[in-house]
Each structure stands twice: as C-alpha cells, then as structure tokens.
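Remarks on the overall topology
Below are the chains, spelled out letter by letter.
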Amino acid sequence: MTEAHSQRPGVEIEFRSVTKKYPGQDTPAIDNLSLTVPAGDICCLVGPSGGGKTTAMKLINRLIDFNEGEILIGGNGVRDVDITTLRRDIGYVIQQVGLFPHMTIESNIGVVPRLLGWSADRIKARAVELLDLVRLDQNFAKRYPSQLSGGQQQRVGLARALAVDPPVMLMDEPFGALDPITRNEIQDEFLKLQSEIAKTVIFVTHDIDEAIKMGDKIAVLRQGGVLAQYGTADELLGSPADEYVADFVGADRGLKRLSLRLMRDLVEVTGTDNAPSDAPTVKGSATLRTGLSVLFASGSRILKVTHDDDTATVIGTVTLDQLQDAVYETSPKAPTDVVVAGEA
Ligand SMILES: Nc1ncnc2c1ncn2[C@@H]1O[C@H](COP(=O)(O)OP(=O)(O)OP(=O)(O)O)[C@@H](O)[C@H]1O
C-alpha cells in the first residue's frame, strides 16, 4: 500500500458516563456508558434489538445528541469541535450503502472530496487509489451503482467512507445484507485493509460470531443501553460477566474460543513426520476448532500439522488428548466472581 492511501491512523475514542434519553421515553436508550476504544482498534457493539447500539454509534458523529456525559475523540470533546470538521473526520458505512443511483461510482466516491473543494484531477486520482484499496477493478469507476452486485456496492461504500482518510470509521451492520460467502470474504478483506490503515472503528453488529471475528474489543449492551461487559473476544468467551453475557456469546463458547487459537500454537514440534502415514493433516494456520473437527471427521486420534505454504512438510503432530486439554484449558469459567467492565 502506498503512503497516500492512509496518512491518518486512528485516534482513541472515549465515552465518559454518556446517557441518552429520547424525548418522550421513560427509560434511556444509552445509560451511563463509559468505555475507551484504543487508537487503531475495532470495537464491536453487540446486544439485543433496541439495546442502543446504533444510538451509541450516532452519538459519536452527533447525528444524535446525548443528554449527559462526554464523548472524546483523540482527546477532544465532540461538542467542542465544529460539526462539519467532526463529520469529515469520521467515515460512515451503513448496511443500505446509500450510494447515489444517478452518479457513477467515481462520483459517489468523490462526494465528500468535492464538498471540500478538491480538484477534479485529485478526486480522480483518489478514486483510482480507493478502488484499488477495496479490490475493485478500475473499470468500475464509470459504472452506476445498479450495475454492481451488493458486495461490490458495499466495497464502494467503504471506499467512499475512506475518501478523505478519516481517522475514525463508524460501521453500522455494514455487511449485514450480504450472503454468507460474500460476507466472509469482505470481512477478511476489511481486516487485511485495517491492518494497513489502522483506523479506530466502531462496528455495530447483531452477530456475535462477526463480533468475535472482527473486534479487537467487544462491548455487549443489554436492554436500556447498559454496558454488560467490555473486553476481548477471549475474555468474553472465557469469563462472561454474568448469565446474560454467557447466553449472548452462546452455549458453545468453549468451542468458539478454540477458534481464537491456531494449530501451530499447540503443535509439538517434531520436525519430522513421526505420525502414522494415514493420519489427517491440517495447516498450522488452521484453528484448534478446525483441527478438532478434522479429527472427529476422520476418526483418527492424531493430526499432522503442516507448513502453510508447503503442505507436504509436516512440522509436528497434535493428539486428540491435547485438543481435549485445550478445550478444558479454555473452557469458560462459570459466570461468577467476574468483574463487569467499569466496576474493576
Ligand atoms: N428517534 C427515536 N425516538 C425515540 N426512541 C428511539 C429513537 N431511536 C431509537 N429509539 C429507541 O431507543 C432504543 C435504542 O434504539 P437503537 O436503534 O439504538 O437500538 P439498536 O441496538 O441499534 O437496535 P437494532 O439492533 O434493532 O438496530 C430503542 O428502544 C428504540 O426504540
């Protein structure tokens, strides 16, 4: 990636005791929310329908105003910054994409740069760069949104949000309308992109598995916009704060947690192939969960683990007992004596 793609990495976002109550409502939509998203992290907001995820996100770019507390971006209160400047520095991606149907893809990407008075040449050059960044062929530039698939439109939505290289990205169920295969692909690509551009991302999703995959941190909200737990996927799966979080992350949380560890981390390095020749193989980059399912499917009690690039080369072996131990090691504690985020 060239430097021009991103020169403004993410900055910290902090919610300080933020409360939002909509007019006419008895209970708040967001209740005394405090959490800090480190610069360059993806924070997934999950919770039940009506739990306040979208509200929390829209408070950041002030599409909605809060009643109490403060939200800081890079140490500056969102109310202390001119609203146009605030929003220019925050990319916004939504599920419905919201591309203008009568504009070409290039014009859609150029909407914010045009508002900022960029020259036509500069906008064109940026569109070329962004199409490349989101892996769309350059010949898409002159097409119209209706001529693109849903996944391609969502990539354009992402390109448009990144047009002026904002340090912060708000993404509201961005991949929610895509089929599972496209969704998986675009998630992978976004993670790869993020490892290069390091924006601070607030990512709203209904889907706990998407949150586990995408989030450096996950904030679980409960009805009424109360923070139930804030932590890494491993923390949530291993030590859910209470029954609510345990239910939310799923009864299979032990197995989900195995998805966070790789075979190569467990392998006993033997350097040579000392396993039976008919033992099944998996790559070192496979998750423990994949390894376990390969073992179950094969009926074997031992797996050979190979190099990622050279699957003929075995780097070691993992036994069913080792995988069982790993399940046990990672099996979640009962949701007791665990501190809820904010009470530590
Ligand atoms: N403009 C509004 N006026 C009054 N109440 C609102 C308004 N917008 C949202 N609410 C209420 O605030 C609460 C939180 O809504 P919000 O849309 O933030 O939840 P959510 O977690 O994003 O839900 P979903 O997953 O269904 O999108 C809900 O009870 C909702 O009915």
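Residues numbered from 1 in each chain as written. Predicted model: local features only at pLDDT ≥ 70, side-chain atom pairs only at ≥ 80, totals over all residues. Heavy atoms only, no water.

1. A look at the sheet that holds strand β2 (residues 30-37)
Here four strands make up an open sheet; going across it, the order is β2-β1-β4-β5 and the pairing antiparallel. Across the chains shown, the open sheet's two edge strands, defined by having one partner strand only, are β2 and β5 (76-77). Where strand β4 (residues 68-73) meets β5, two bridges bridge the pair, whose relative direction is antiparallel. By the bridge assignment, Ile-73 is partnered in β5 with Asn-76. (Pairing = 2+ DSSP bridges. Helix = DSSP H or I, 4+ residues; strand = E, 2+ residues; numbered from the N terminus.)

2. Looking at the UniProt feature "domain: ABC transporter" (unreviewed entry) in the protein chain
When the UniProt feature table is mapped onto this chain, "domain: ABC transporter" (unreviewed entry) is found at residues 13-249. The span residues 13-249 is 37% helix and 24% strand, and its two end C-alpha atoms sit 25 Å from each other. (UniProt positions renumbered as here; feature names shortened; annotations may be inferred.)

3. Considerations on the nonpolar core
Residues Leu-158, Met-171, Phe-190 and Ile-218 are the most contacted members of the largest nonpolar core, which totals 46 residues. Excluding anything up to four places from it in sequence, Met-171 contacts Met-57, Val-93, Leu-158, Phe-190, Val-201, Ile-202, Phe-203 and Val-204. Counting 28 residues, the second largest nonpolar core, distinct from the first, contains Val-37, Cys-43, Ile-71 and Ala-219. (Core = buried A, V, L, I, M, F, W, Y, C linked by side-chain atoms within 4.5 Å. Buried < 20%, exposed > 50% of the residue type's maximum accessible area, 1.4 Å probe, protein only. Contact = heavy atoms within 4.5 Å.)

4. Some words on the environment of Thr-287
Locating Thr-287 in the fold gives a position in the loop between β12 (281-283) and α13 (288-298). Sequence separation of Thr-287 and Asp-265 is 22 residues, and the distance between their C-alpha atoms is 9.4 Å. In this structure, Thr-287 is in contact with Leu-258, Ser-259, Arg-261, Leu-262 and Met-263, ignoring residues within four places of it in sequence.

5. Overview of the pattern of salt bridges
Counted by the stated rule, this structure contains 18 salt bridges. A salt bridge links Arg-264 to Asp-308; the nearest nitrogen and oxygen atoms lie 2.7 Å apart. Placement of Arg-264 in helix α12 (residues 263-266) and of Asp-308 in the loop between β13 (302-306) and β14 (314-319) is noted, with a sequence separation of 44 residues between them. (Salt bridge = Lys/Arg side-chain N within 4 Å of Asp/Glu carboxyl O.)

6. What to know about the confidence of the model for the protein chain
Considering every residue of the protein chain, the mean pLDDT works out to 87; 91% of them sit at 70 or more. Contacts for the low-pLDDT stretch residues 332-344, under 50 throughout, to residues beyond four places or in other chains number 24 contacts. (pLDDT = per-residue confidence, 0-100.)

7. Brief notes about the site of the ligand
Residues in close proximity to the ligand include Tyr-22, Gln-25, Ala-29, Pro-48, Ser-49, Gly-50, Gly-51, Gly-52, Lys-53, Thr-54, Thr-55 and His-206, which together make up its full environment. One of the side-chain N or O atoms of Ser-49 is found 2.6 Å from an oxygen atom in the ligand. Its residues placed into classes, the shell around the ligand shows three nonpolar, eight polar and one charged. (Near = heavy atom within 4 Å. Polar contact = N/O pair within 3.5 Å; in protein donor to acceptor, adjacent residues only side chain to side chain. Nonpolar A, V, L, I, M, F, W, Y, C, P; charged D, E, K, R; others polar.)

8. Quick look at the packing of helix α6 (residues 150-161) against helix α7 (residues 180-197)
Two elements in contact, α6 and α7, have axes separated by 11 Å at closest approach and are oriented at 25 degrees. Judged by the angle between their axes, α6 and α7 are roughly parallel. Relative to α7, the crossing made by α6 is right-handed. When α6 is examined against α7, the residues Gly-151, Gln-154, Arg-155 and Leu-158 are found in contact with a partner set consisting of Thr-182, Glu-185, Ile-186, Glu-189, Phe-190 and Leu-193. A class-by-class count of the residues in the contact of α6 with α7 yields four nonpolar, three polar and three charged. (Axes fitted to C-alpha atoms, helices over the stretch in contact; angles between N-to-C directions. Parallel < 35°, antiparallel > 145°, perpendicular 65-115°, else oblique. Left-handed = near helix turned anticlockwise from the far one by under 90°.)

9. Considerations on the pairing of strand β9 (residues 217-222)
Sheet topology places strand β3 (residues 42-46) next to β9; four bridges connect them, and they run parallel. The residue bridging Cys-44 from the neighbouring strand is Ile-218, located in β9. Summarising the sheet, β9 and strand β10 (residues 226-231) pair through five bridges and their orientation is antiparallel. Within the sheet, the bridge partner assigned to Arg-222 lies in β10 and is Val-226. Where β9 folds back on β10, the antiparallel hairpin that results is connected by three residues, among which Gly-224 adopts a positive phi of roughly 90 degrees.

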